[in-house]
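Spelled out from the first residue to the last, the chains are:
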Amino acid sequence: MAVVGAGLIGRAWAMVFARAGWEVALYDPVAAALEAAPALCAEGLAEQHRQGLCEDPAGAAARIRVVPVLADALAGAEYVQENGPERLPEKIAIFAELDRLAAPDCILASSTSGIPCSAFTEALPGRARCLVAHPVNPPHLVPVVELSGAPWTSAETIAAARAVHESVDQAPITVLKEIEGFILNRLQGALLAEAFRLVQEGYVTPRDLDVTVAEGLGLRWSFLGPLATIELNAPGGMADYCARYAGLFQRMIEKPPSPAVFGVEGCATVVKAWGESPSREEIAARSARRDKRLAALAAHKRKQEKQA
């Protein structure tokens, strides 16, 4: 398979496929990014090994080869994961190249966070084999992948992409109709909108709001979705929960957060309440600590699933 783009997400995809036994051709038009990728991937795979998420980190690292020419990276590839900039003109350009250079039966997937597949594949001769495979950062530790096709993406492409991601221990879900932001970002956006509103209107501090999710909702949601969660929160299951609490939720959403919560003034209020952000170096260090904790959580979940 080929990974196009050797940034954070591209390297993560390379690790996902390599640790599952795939040969990975990693391409990036920026020579410095490509040069740095092998060592960074090897370091990431070693950390995953320490957490029990990669049996043979050296072997996995050896399966990742950097390729400076796009056509060479695509040669023989059955699946391509593109990770270019989140800008529509560039998506259109790179997918035109991918469609021109890749074998006709090769699946072309994009890691875009919110651009619908139809926006950058409409004019392509091979548009039926194109889709979005949107990961969560970092995809080598958070396995969900949102598969979203355009109206012209074939059912066979979606099914094949789903099989690919299941084979490398990811957790694919299918977005049945195109929608901006897909599923995860729309859920995240809804939670963030209410979080911003609660902070802006003075109901809670930002830090206590984060505690509410990290030490409350997040603990249950780390192994149960919100619908499965409410099914267990009433003796009679979901219908019983709806009968008990639907009225409360109806009243709460009679006045939903407005778009202004993400406006300039709204964001400024939250930023001020949150306090000064750390340096770029400290953010990078905290991100690394986050990834280690995510790796430990992923390992714990695997162990629990095997014992269930």
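Values in this document were obtained by computation on a predicted structure and should not be read as measured data.

Peer 1: Please give an account of the overall build of the chain that cites residues and values.
Peer 2: The helix and strand tally for the chain stands at 13 helices and eight strands. A compact globule built from 308 residues should have a C-alpha radius of gyration of about 19 Å, and the chain, at 21 Å, falls within 12% of that. C-alpha atoms of the chain, sized along the principal axes, occupy 60 × 45 × 45 Å. Within the chain, the fraction of its 308 residues that count as buried is 37%. About 17,200 Å² of surface is accessible on the chain, with carbon and sulfur atoms providing 60% of the total.

Peer 1: Any details on a nonpolar patch on the surface? Residues and values, ideally.
Peer 2: Taken together, the side chains of Tyr245, Leu248, Phe249, Met252 and Ile253 make up a nonpolar region of the molecular surface, amounting to roughly 460 Å² of accessible area. Among the structural elements, Tyr245 can be located in helix α11 (residues 238-252).

Peer 1: Any chance you could break down the pairing of strand β8 (residues 171-175) for me, citing the residues and the numbers?
Peer 2: Where strand β7 (residues 144-149) lies against β8, five bridges are found, and the strand directions are parallel. Paired with Leu147 across the two strands is Thr174, which belongs to β8. For the crossover from β7 across helix α7 (residues 155-167) to β8, the handedness is right-handed.

Peer 1: I'd like a description of the pairing of strand β4 (residues 79-82), backed by residues and values.
Peer 2: Walk down a regular strand and you will see the side chains alternate between the two sheet faces. Side chains Tyr79 and Gln81 of β4 all project onto a buried face; the interleaved residues Val80 and Glu82 project onto the opposite face, where all are buried too. Where strand β1 (residues 2-4) meets β4, three bridges bridge the pair, whose relative direction is parallel. Across the sheet, the residue bridging to Val4 is Glu82, located in β4. Summarising the sheet, β4 and strand β5 (residues 107-110) pair through four bridges and their orientation is parallel. Its bridge partner being in β5, Val80 is matched across the sheet by Leu108. Handedness of the crossover joining β4 and β5 through helix α5 (residues 88-101) is recorded here as right-handed.

Peer 1: Can you break down the nonpolar core residue by residue, with the values?
Peer 2: Phe17, Val24, Leu26, Ile64, Tyr79 and Leu131 are the most contacted members of the largest nonpolar core, which totals 29 residues. When contributions to this core are tallied by element, the ones reaching two or more residues are α1 (8-19), β2 (24-27), α2 (31-50), β5, β6 (130-135), β7 and α7. Once you skip the residues sitting within four places of it in the chain, Phe17 turns out to touch Met1, Trp22, Val24, Tyr79, Val164, His165 and Val168.

The rules behind these values
Residues numbered from 1 in each chain as written. Predicted model: local features only at pLDDT ≥ 70, side-chain atom pairs only at ≥ 80, totals over all residues. Heavy atoms only, no water. Helix = DSSP H or I, 4+ residues; strand = E, 2+ residues; numbered from the N terminus. Rg over C-alpha atoms; globule rule 2.2 N^0.38 Å. Buried < 20%, exposed > 50% of the residue type's maximum accessible area, 1.4 Å probe, protein only. Areas by Shrake-Rupley, 256 points an atom, 1.4 Å probe, with all protein chains shown as cover. Patch = residues over 30% accessible without salt bridge, like charges linked within 9 Å, V, L, I, M, F, W, Y side chains within 5 Å. Salt bridge = Lys/Arg side-chain N within 4 Å of Asp/Glu carboxyl O. Pairing = 2+ DSSP bridges. Right-handed = clockwise from strand over helix to strand, strands pointing away. Core = buried A, V, L, I, M, F, W, Y, C linked by side-chain atoms within 4.5 Å. Contact = heavy atoms within 4.5 Å.

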